[in-house]
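This is what each chain is made of:
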Amino acid sequence: MASTSDRNRVKFLLDEREIPTKWYNIIADLKTPPAPVLHPGTGNPIGPQDLAPLFPMELIKQEVSGQRWIEIPDEVRDILRLWRPSPLYRARRLEKALGTPAHIYYKYEGVSPAGSHKPNTAVAQAYYNKKEGVTRLATETGAGQWGSALAMACNLFGLQCKVYMVKVSYQQKPYRRVMMETWGAQVVASPSPDTQSGKKILEKDPDSPGSLGIAISEAVEDAATREDTKYALGSVLNHVLMHQTIIGQEAKKQLAKADDEADIVIGCAGGGSNFAGLAFPFAADKLTKKKKLRIIAVEPTACPSLTRGKYVYDFGDTLGLTPLVKMHTLGHGFIPAPLHAGGLRYHGMAPLVCKLFDEGVIEAKAVPQVATFEAALQFARTESIIPAPESAHAIRVVIDEALRCKRDGKRQTIVFNLSGHGHFDLAAYEAFLGGRLQDYEYPAEKIEEALRGVPQVKG
Ligand SMILES: Cc1ncc(COP(=O)(O)O)c(C=O)c1O
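What you are looking at is a predicted structure, and each value in this text was computed from that prediction instead of being measured.

Engineer: Which residues make up the overall build of the chain, and what values go with them?
Structural biologist: When helices and strands are counted, the chain shows 20 helices and 15 strands. For 459 residues, the compact-globule estimate of 2.2 N^0.38 gives 23 Å, and the chain sits close to it at 21 Å. Relative to its full complement of 459 residues, the chain shows a buried share of 62%. In the chain, the proportion of contacts linking residues at least 24 apart, taken out of those at least 6 apart, comes to 77%.

Engineer: Account for helix H11 (residues 212–224), with residues named and values stated.
Structural biologist: Look at H11: 18 Å from first C-alpha to last across 13 residues, which is about the 18 Å you get at 1.5 Å a residue. Here H11 lies mainly inside the structure; 12 of its 13 residues are buried. Where H11 is concerned, the buried positions are Leu212, Gly213, Ile214, Ala215, Ile216, Ser217, Glu218, Ala219, Val220, Glu221, Asp222 and Ala223. For H11, the secondary structure elements touched by its buried residues are strand E6 (136–141), strand E7 (160–166), strand E8 (186–190), helix H10 (196–204) and strand E9 (229–231).

Engineer: Now, about the pattern of salt bridges: what can you tell me, with residues and values included?
Structural biologist: Counting across every chain of the model gives 26 salt bridges. Across the pair Arg84 and Glu250 runs a salt bridge, and its minimum N-O distance is 2.9 Å. In this pair, Arg84 sits in the loop between helix H4 (74–80) and strand E4 (88–90) while Glu250 sits in helix H13 (residues 246–257), placing the two residues 166 residues apart along the sequence. A salt bridge links Lys252 to Asp285, with the shortest nitrogen-to-oxygen separation between them at 3.0 Å. Here Lys252 is found in helix H13, whereas its partner Asp285 is found in helix H14 (residues 273–289), with 33 residues between them in sequence. Among the ionic contacts, a cluster of salt bridges with common partners joins Arg294, Glu363, Lys365, Glu401, Arg404 and Asp408.

Engineer: Account for the packing of aromatic side chains, with residues named and values stated.
Structural biologist: One pass over the structure, following the stated rule, counts 12 aromatic pairs. With a centroid separation of 5.3 Å and 70° between ring planes, the pair formed by Phe373 and Tyr429 is classed as edge-to-face. Here Phe373 is found in helix H17 (residues 369–380), whereas its partner Tyr429 is found in helix H19 (residues 426–433), with 56 residues between them in sequence. Side by side, Phe373 and Tyr429 carry an identical accessibility label, which is buried.

Engineer: Any details on the environment of Pro87? Residues and values, ideally.
Structural biologist: Assignment of secondary structure puts Pro87 in the loop between H4 and E4. Through-space distance from the C-alpha of Pro87 to that of Gly110 is 9.8 Å; in sequence the pair is 23 residues apart. Not counting the four nearest positions on each side in its chain, Pro87 is found in contact with Phe12, Leu13, Tyr106, Lys107, Tyr108, Val111 and Gln254.

Engineer: How would you summarise the site of the ligand if you had to cite specific residues and measurements?
Structural biologist: Surrounding the ligand, one finds 18 residues, the nearest of these being Ser235, Gly270, Gly272, Ser273 and Ser419. Contacts to the ligand include Gly272, whose backbone N or O atom sits 2.8 Å from an oxygen atom. Contact with the protein chains covers 98% of the free accessible surface of the ligand, which is 390 Å².

Engineer: Describe the sheet that holds E7, naming the residues involved and giving the relevant values.
Structural biologist: Ordered by their spatial adjacency, four strands build an open sheet running E8-E7-E6-E9, and the pairing between neighbours is parallel. With partners counted over all chains shown, the strands left at the sheet margins are E8 and E9, one partner each. Averaged over all pairs of adjacent strands, the angle between strand axes in this sheet comes to 25°, irrespective of strand direction. Contacting E6, E7, E8 and E9, H11 runs over the sheet at an angle of about 170° to E6.

Engineer: Account for the sheet that holds strand E11 (residues 294–300), with residues named and values stated.
Structural biologist: Strand order in the open sheet made by the seven strands is E1-E4-E5-E15-E10-E11-E14, with mixed pairing throughout. Each having just a single partner strand, strand E1 (11–12) and strand E14 (363–367) make up the two edges of the open sheet. Set on the sheet, H13 makes contact with E1, E4, strand E5 (103–108) and strand E15 (413–418); between it and E5 the angle comes to about 140°.

Engineer: Now, about the side chain of Ser419: what can you tell me, with residues and values included?
Structural biologist: Looking at the secondary structure, you find Ser419 in the loop between E15 and H19. Looking at Ser419, its side chain comes within polar contact range of the side chain of Ser391, at 2.8 Å. Ser419 has contacts with Glu109, Gly110, Gly115, Ser116, His117, Cys268, Asn274 and Ser391, leaving out every residue within four places of it along the chain.

Engineer: Break down helix H7 (residues 145–157) for me, with residues and values.
Structural biologist: Spanning 13 residues, H7 covers 19 Å between terminal C-alpha atoms, matching the ideal 18 Å at 1.5 Å per step. Judged by how many residues are buried, H7 sits mostly within the fold: 11 of 13 residues are covered. Every buried residue of H7 is listed here: Gln145, Trp146, Gly147, Ser148, Ala149, Leu150, Ala151, Met152, Ala153, Cys154 and Phe157. Looking at the residues trailing H7, positive phi occurs at Gly158, about 70°.

About the cut-offs
- Residues numbered from 1 in each chain as written.
- Predicted model: local features only at pLDDT ≥ 70, side-chain atom pairs only at ≥ 80, totals over all residues.
- Heavy atoms only, no water.
- Helix = DSSP H or I, 4+ residues; strand = E, 2+ residues; numbered from the N terminus.
- Rg over C-alpha atoms; globule rule 2.2 N^0.38 Å.
- Buried < 20%, exposed > 50% of the residue type's maximum accessible area, 1.4 Å probe, protein only.
- Contact = heavy atoms within 4.5 Å.
- Expected span 1.5 Å × (residues − 1).
- Salt bridge = Lys/Arg side-chain N within 4 Å of Asp/Glu carboxyl O.
- Phe/Tyr/Trp six-rings, centres within 6.5 Å; stacked < 30°, edge-to-face > 60°.
- Near = heavy atom within 4 Å.
- Polar contact = N/O pair within 3.5 Å; in protein donor to acceptor, adjacent residues only side chain to side chain.
- Areas by Shrake-Rupley, 256 points an atom, 1.4 Å probe, with all protein chains shown as cover.
- Pairing = 2+ DSSP bridges.
- Axes fitted to C-alpha atoms, helices over the stretch in contact; angles between N-to-C directions.

These figures come from the coordinates and say nothing about function on their own.
Pasting the structure below:
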């Protein structure tokens with residue numbers, strides 16, 4: 001029989017030796033292969049050589065691999081030890097406040113030095129670049145979480161790092177910039193005058209708040225025009241999602257320790273990486289063992305790529321420099337409202353997440369900003385951790401599902417990814433507490449206009 005302390009347990013922990021040794025590649029378990037990636041100029045499927053100016057060959061191989069498990073190098077695992085395995089918490093105080101029979105668990109990725117899940121892939125990407133002789137990486141950042149993660153990883157491997165930070169975040173979060181600079185990175189507000197892409201946008205709109213799509217154009221151009229530099233992306237791509245699957249692998253072991261099994265798995269989705277990181281190892285059981293399980297991706301109503309976007313080929317960036325991928329998109333020219341969840345302001349979504357959505361393996365929900373912060377506050381006032389605004393999107397749906405369980409008298413187990421803390425997002429909390437936060441309606445006209453710019457490609 002469980003002792004009182006076991007019955008009240010809130011943290012389910014693993015030993016350092018239990019850090020996963022392999023990444024899980026969901027491509028191996030899909031019913032049909034993913035749609036090919038197309039060359040932006042010719043519209044033909046691209047080969048590894050087309051991606052070589054941007055990425056090291058080992059990551060390109062991972063991007064197209066069909067192998068189910070890929071070994072994590074010891075050098076990468078040795079760095080992951082700094083904060084992994086991350087804890088799985090049972091949200092007992094939130095459950096009690098809601099009066100729900102549901103069991104709520106959260107995997108807390110905010111324990112990493114940068115404060116989110118992003119270092120899980122940043123470390124791996126910096127490692128492979130270093131191994132292939134690259135000396136400098138260029139990237140974009142929305143919320144500042146990815147830029148911080150890459151700055152940290154580059155510092156550990158002795159690489160230079162240039163970060164194009166979406167202007168609205170650069171202004172909202174000065175300390176994120178200082179964090180990146182502390183780890184030795186160079187940070188500029190995007191759109192910037194440092195690239196042709198940035199200059200083009202600034203000519204049209206000197207006050208552009210920027211967007212992830214624009215910042216990606218700048219970082220890609222930087223990498224493509226310098227011999228010493230490659231590009232690193234913090235989400236969307238297959239290999240990035242795969243690096244995050246250590247989250248779900250750990251969570252499954254931890255749930256087993258709690259003697260529980262997930263009925264509902266939830267994650268917020270910007271480009272799709274933290275969602276995939278938690279969800280794909282669970283989705284594997286749905287795909288291969290026909291396990292009954294709901295998996296929900298949550299996005300903002302102001303940037304609803306999965307729930308309102310078209311499933312077509314589009315560019316990953318605003319200026320159209322990247323290859324074309326098949327994804328749910330709001331149009332690469334769409335610039336989302338300056339939401340406080342900077343990491344969810346992306347016009348597209350990871351092709352693998354889109355494929356699972358299209359095949360009905362996962363669901364998607366969109367939630368508005370104010371209701372999201374109400375959920376964040378309820379979480380902070382029960383569990384005490386102040387969540388990143390991105391993660392709070394997941395919390396909104398967790399609370400809604402837990403209340404549904406209460407209405408229906410159902411004892412379901414809900415697991416979500418608390419992808420980061422909100423310590424650098426207190427300006428957003430200040431706005432919310434001061435009653436100054438607003439909802440942004442679904443920008444139908446702007447999205448229609450942006451969708452007209454999507455290239456006409458069959459598929
Ligand atoms: C804390 C946090 N969660 C989630 C996201 C969304 O990104 P992704 O969908 O790749 O997990 C971000 C992006 O910056 C983030 O900082």
